[in-house]
Amino acid sequence: MDWSDLWLFGAGALAGWAFRPKAKQSNTQEKSYIVPSASAHDRDNILRTYIREISNHLVRVDPDRYFQTYSKALAEQEGMKKADKKTREAHLHILTEKYPTYDSFDVIGTRPYVIYADTLVSWDDSDLEAHLLNMVRFHSIKRLDDAEWRELHSIVSEKEREHLHGYIQKIKDTYFERRLIAAVNEYYARRSAISDWQSPSGSVLYENDNLVVFRVEDIAETCLGIFFKDTQEHGLYTFFAADDDKAYHNYYRSERTFNERKYLDTLHEL
């Protein structure tokens, strides 16, 4: 084969490549859609995980304060919707300077089995709250301005805030029940005498710097009224021994006269 034959062979090959059948457009479009969409979902899940870790810590430390933080996050998200694109781009630039990679959002960054609280104890709660708000701001901007993120759900919502309000009450009830149990145990450990039960209803049976225990008269049950000085809360403890020698201990929220019995909606673990 001389050089002219070789040139003709090469030209034919190039022509064949140029006019080869095109790949199916649907396959190409499918690939170009799935990859970035999956990436957005993955990053969304990462942010939600980091926010969940911090939230679990903050809501246990101070439930009411965390509710305020969540409300701020919701306002921040709505504020990004109302802001113009240049403003959002400016915020995004600041955030990406502060958090150059998604790993930068991870403030815990410890071994899988290390309890979060042991790591987060070195952080100031206000710093954790600011970090949480930054993640919400970043997520909001991405959903508004990045096509790959637009189909994702918002990271905070009014519906979730309503659920949070009810859940926080469960946390409060759980902590309150623990305080009542500790107060009753302290009373029984330090009470003056069994003759306490001969005192009239409303009598002070025990008092220290933190609480007051009152005798509350009841026909069927042994009752103690407990007042916590620091929180100005009233609780009621009742005890009943059934015929089968089974004892029933109950704890309630109450008011100054200890006539009300509001059931505590507690959590199994906290």
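Structure's up top.
Residues numbered from 1 in each chain as written. Predicted model: local features only at pLDDT ≥ 70, side-chain atom pairs only at ≥ 80, totals over all residues. Heavy atoms only, no water.

Some thoughts on the sheet that holds strand 3 (residues 222-228)
Rule in force here: The pairing criterion is simple: DSSP has to find at least two bridges between the two strands. By definition, any uninterrupted DSSP run of H or I lasting at least four residues is a helix, any uninterrupted run of E lasting at least two residues is a strand, and each is numbered from the N terminus.
A sheet is described by the order of its strands in space; here 6 strands give the open sequence 1-2-3-4-5-6, paired in antiparallel fashion. What marks the edges here is a single partner per strand, and that holds for strand 1 (204-207) and strand 6 (262-263). Relative to strand 5 (residues 247-254), strand 4 (residues 233-241) is paired through 8 bridges, and the arrangement is antiparallel. When the sheet's bridge partners are listed, glycine 235 is paired in strand 5 with arginine 253.

Remarks on the pairing of strand 4
Pairing of strand 3 with strand 4 involves 7 bridges; the strand directions are antiparallel. Each bridged residue has a counterpart across the sheet, and for threonine 222 the counterpart in strand 4 is phenylalanine 239. The antiparallel hairpin formed by strand 3 and strand 4 contains 4 residues in its connecting segment, where glutamine 232 sits at a positive phi of about 60°. Hairpin geometry of strand 4 and strand 5 is characterised by an intervening segment of 5 residues between the two adjacent antiparallel strands and by a positive phi of about 65° at aspartate 245.

Considerations on the nonpolar core
How we decide: Put simply, buried Ala, Val, Leu, Ile, Met, Phe, Trp, Tyr and Cys residues joined by side-chain atoms within 4.5 Å make one nonpolar core. Burial classes: relative accessible area under 20% of the type maximum marks a residue as buried, over 50% as exposed, and values in between as partly exposed (1.4 Å probe, protein chains only). Only heavy atoms matter for contacts: two residues are in contact if any of them lie within 4.5 Å across the pair.
In terms of nonpolar packing, the biggest core is built from 34 residues, with Leu47 and Phe105 touching the most fellow members. Breaking this core down by element, the ones donating at least two residues are helix 2 (25-61), helix 3 (63-82), helix 6 (125-145) and helix 7 (158-190). Not counting the four nearest positions on each side in its chain, leucine 47 is found in contact with Tyr102, Phe105, Met135, Phe138, His139, Trp149 and Ile155. Listed in part, the 15 residues of the second largest apolar core include Leu211, Ile226, Phe228 and Leu264.

Looking at the pattern of salt bridges
Cut-off, in case you're wondering: When a carboxyl oxygen of Asp or Glu is within 4 Å of a side-chain nitrogen of Lys or Arg, the pair counts as a salt bridge.
Counted by the stated rule, this structure contains 16 salt bridges. For arginine 161, the salt bridge is made with glutamate 158, and the minimal N-O distance between the two is 2.9 Å. Of the two residues, arginine 161 and glutamate 158 both sit in helix 7, 3 residues apart, roughly one turn of that helix. Exposure remark for arginine 161: the relative accessible area of 22% places this residue in the partly exposed category.

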